[in-house]
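The lines below spell out each chain.
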Amino acid sequence: MDRFDAMRAFARVVEAGSFTKAAQTLHMSKTTVTQLIQQLEARLRVKLLHRTTRRLGVTPDGAVYYERVIRLLADMEDAENSLSSATMTPRGRLRVDVPTPLARLVLVPALPAFHARYPEIQFDMGVSDRVVDLIGDNVDCVVRGGEINDQSLIARHVGDLQIGIYVAPSYVERLGAPAHPRELENTDHRIVGFLSSRTGKIDPLVLHDESEHIEITGNYVLAVDDGNAYLEAGLAGLGVIALPVYMAAAHQARGALIPLFERWRIAPMPLYLAFPPNRHVNARLRVFIDWIVELMQQHIPTTYNK
C-alpha cells in the first residue's frame, strides 16, 4: 500500500462524501479507492468510515485522522515546492468554476497573459451559473456574483457588478420604451426572467431613485438560468433585461441595447471568490486569487466596502 495514495484517497472520500465521486476526481477506479481505505484502516487498526447502503459517514477517529491528514498532505506539497522551482513557478492543476459571461468576456481573454506568467498551471474551468458543491465536486475555488450564504466557505470580495436596465431596439419598435419601471407590471411590457440557481425562482428588480424604492416582478415570456442566454434573449427583443454594465457595454456602443430608467439605480452586485477552509491555499491557488483580484480591479472594480 502506498501510504500517500491511501491518505489522499481517504481525504477525498471524506470531502466528496462518496467513493464514486472520490474515484472520479482521483482518476482511479472505485475498487482501487475502496481497497486503499480498507488497507489504511487495517494498518491503523481503527474504523475511519461508517459505510451503509444509504450513506457514508466519518467515525470520531476518522474525523481526527482527517484533520491531521489534510495538514500532512499540505505540508508534503509545501516541502516538495521548497525543493524545486515551484515556489517561483507554481505548477499543477487548478479546478475553478466561474459564471458564463465572466468567463467569456473577462477571464478567458485574459488567460494568455496569465499562462505567459505561469505556464505550468493547468486549468479545469467549469463555466456555469449554478450552485457548485466545492467539496463534493472537488473544486478549488469559485467566482460568484451575489452574497455568499454558505458560512463554511472563505469568501473574498473582489469587485462589484454595476447593473443597468436595457432593451433592444426591436422591442422598442414593437412596444415602445417604458418611461417608468412600474410600466413593466400590468401592461404589455415584458421582462426576460433570470432563474436564481439558489431558489429556482425569478429574482425581482429592486430599483431606487432619490425619493422612491420599488420592487418589480414583471411579466415574462421567457426565463433562463444562464447569463449568456439571458443576454441573447434581451438582444432578440424578448423583453427588458437587467445586466451588468461590463456585459452590456459593447452592445450599447453599437446600438444593439438601449439603456432605460437612467435616473433609477440598482444596488451593485458584489462579486466574490470563495474556497473551502480546508482547501490548502497552495502556490497555484494563491497566484490565481491574486490574479483575479488584479483582473477584477481593471474590469469590475470595488465601489464600496463590505
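Everything below is about the structure printed above this text.
These lines cover the structure that appears in this document, whether it is placed above or below. Quick caveat, the model's predicted, so the values are computed rather than measured. (Residues numbered from 1 in each chain as written. Predicted model: local features only at pLDDT ≥ 70, side-chain atom pairs only at ≥ 80, totals over all residues. Heavy atoms only, no water.)

**Looking at the sheet that holds strand 7 (residues 163-167)**
Inference 1: Read from one edge of the open sheet, three strands run 12-7-13, paired in antiparallel fashion. Among the strands making up the open sheet, the edge pair consists of strand 12 (241-244) and strand 13 (258-260). Mean inter-strand twist for the sheet, computed between neighbouring axes without regard to direction, equals 55°.
Inference 2: Taken together, the three bridges between strand 7 and strand 13 define a ladder with antiparallel strand orientation. In the sheet register, Ile165 faces strand 13, and the bridge partner there is Leu260.
Inference 3: Across the sheet, helix 8 (residues 245-253) lies against strand 7, strand 12 and strand 13, angled at about 105° from strand 12, the strand it touches most. (Pairing = 2+ DSSP bridges. Helix = DSSP H or I, 4+ residues; strand = E, 2+ residues; numbered from the N terminus. Axes fitted to C-alpha atoms, helices over the stretch in contact; angles between N-to-C directions. Contact = heavy atoms within 4.5 Å.)

**Observations regarding the packing of helix 1 (residues 3-16) against helix 2 (residues 19-26)**
Each pair of packed helices can be summarised by the angle the axes make with each other and by the distance between the axes.
Inference 1: Running from N to C, helix 1 and helix 2 point in directions that differ by 125°, and their axes come no closer than 8 Å. As judged from the angle between their axes, helix 1 and helix 2 are oblique. The way helix 1 lies across helix 2 gives a crossing that is right-handed. Listed contacts from helix 2 to Arg8, Ala9, Arg12, Val13 and Ala16 of helix 1 are Phe19, Lys21, Ala22, Thr25 and Leu26.
Inference 2: Of the residues belonging to the contact of helix 1 with helix 2, the class tally is six nonpolar, one polar and three charged. (Parallel < 35°, antiparallel > 145°, perpendicular 65-115°, else oblique. Left-handed = near helix turned anticlockwise from the far one by under 90°. Nonpolar A, V, L, I, M, F, W, Y, C, P; charged D, E, K, R; others polar.)

**Details of helix 2**
Quick reminder: α-helices carry 3.6 residues per turn. Residues three or four places apart thus point the same way.
Inference 1: Along helix 2, the residues that are buried comprise Phe19, Ala22, Ala23, Thr25 and Leu26. Buried positions in helix 2, seen along its axis, are confined to an arc of 170° and lie on one side of it.
Inference 2: The secondary structure elements touched by the buried residues of helix 2 are helix 1, helix 3 (30-44), strand 1 (49-51), strand 2 (56-58) and strand 3 (92-98).
Inference 3: Between the side-chain oxygen at the start of helix 2 and the backbone nitrogen of Thr20 there is a gap of 3.1 Å, and the oxygen is on Ser18.
Inference 4: Once helix 2 finishes, His27 follows within two positions and takes phi at roughly 60°, a positive value. (Buried < 20%, exposed > 50% of the residue type's maximum accessible area, 1.4 Å probe, protein only. Arc of directions from axis to C-beta. Polar contact = N/O pair within 3.5 Å; in protein donor to acceptor, adjacent residues only side chain to side chain.)

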